[in-house]
Amino acid sequence: QVQLVEAGGGLVQAGGSLRLSCAASGRTFSSYVMGWFRQAPGKEREFVAAIPGTWAFGRTYYADSVKGRFTISRDNAKNTVALQMNSLKPEDTAVYYCAARRGEAVTTTPSEYNYWGQGTQVTVSS
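Residues numbered from 1 in each chain as written. Predicted model: local features only at pLDDT ≥ 70, side-chain atom pairs only at ≥ 80, totals over all residues. Heavy atoms only, no water.

A. View of the sheet that holds strand β8 (residues 80–85). Here four strands make up an open sheet; going across it, the order is β1-β3-β8-β7 and the pairing antiparallel. Looking at the sheet topology across the chains shown, the edges are occupied by β1 (4–7) and β7 (70–75). The sheet shows a mean angle of 15 degrees between the axes of neighbouring strands, direction not considered. Pairing analysis gives six bridges linking β7 to β8, with the strands arranged antiparallel. Along β8, the bridge assignment pairs Ile72 with Leu83. (Pairing = 2+ DSSP bridges. Helix = DSSP H or I, 4+ residues; strand = E, 2+ residues; numbered from the N terminus. Axes fitted to C-alpha atoms, helices over the stretch in contact; angles between N-to-C directions.)

Right, here's the structure in full:
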């Protein structure tokens, strides 16, 4: 069982930055793919970014809408994953969720993630 707790959401003006963090419980954090998803009112939950368990500064994955603006990273020694969000736009407004998926395969499908945090609100004003 993995418990995930997000932090770092808030209100920011367009063009600003926020850093989300997610702390995970458990001793096998490095065996999980970690992902960030978001859900805006009236919309389906969508993929934002993902990072493999054995990252070692290797490949990361992003939705086209955030590529070049958002950066995902993880610290397996501290059981944390972060999402640095720069050049924020009003359309980035959503509840952001941290998620964990057992294994090494990275996927962008929410139903394929095993554990979820409670979510943190990000609001970008124009």
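B. Looking closely at the side chain of Arg74. In this fold, Arg74 is placed in strand β7. Within the buried core, Arg74 has no salt-bridge partner, and the shortest N-O distance to an opposite charge, that of Glu104, equals 7.5 Å. Reaching out from Arg74, the side chain makes a polar contact with the backbone oxygen of Ile51 at a distance of 3.3 Å. Among the polar contacts made by the side chain of Arg74, one reaches the main-chain carbonyl oxygen of Pro52 at a distance of 2.9 Å. (Buried < 20%, exposed > 50% of the residue type's maximum accessible area, 1.4 Å probe, protein only. Lys, Arg positive; Asp, Glu negative; His and termini not counted. Salt bridge = Lys/Arg side-chain N within 4 Å of Asp/Glu carboxyl O. Polar contact = N/O pair within 3.5 Å; in protein donor to acceptor, adjacent residues only side chain to side chain.)

C. Layout of the state of the cysteines. Overall, the coordinates contain one disulfide when judged by the stated rule. The disulfide that involves Cys22 links it to Cys98, with 2.1 Å between the sulfurs. Every disulfide takes its handedness from the sign of the S-S torsion; for Cys22 and Cys98 that torsion is -80 degrees, giving left-handed. Of the two residues, Cys22 sits in strand β3 (residues 18–24) while Cys98 sits in strand β9 (residues 94–102), which places them 76 residues apart along the sequence. Both residues of the pair, Cys22 and Cys98, belong to the buried class. (Disulfide = S-S within 2.5 Å.)

D. Local environment of the pairing of strand β4 (residues 32–39). Of all the eight residues making up β4, seven are buried; the element is thus mostly covered by neighbouring parts of the structure. Taken together, the eight bridges between β4 and β9 define a ladder with antiparallel strand orientation. Residue pairing in the sheet places Gln39 in a bridge with Val95 of β9. Pairing analysis gives five bridges linking β4 to strand β5 (residues 46–51), with the strands arranged antiparallel. Across the sheet, Trp36 pairs through a bridge with Ala49, a residue of β5. Here β4 folds back onto β5, and the loop between the two strands holds six residues, one of which, Gly42, carries a positive phi near 75 degrees.

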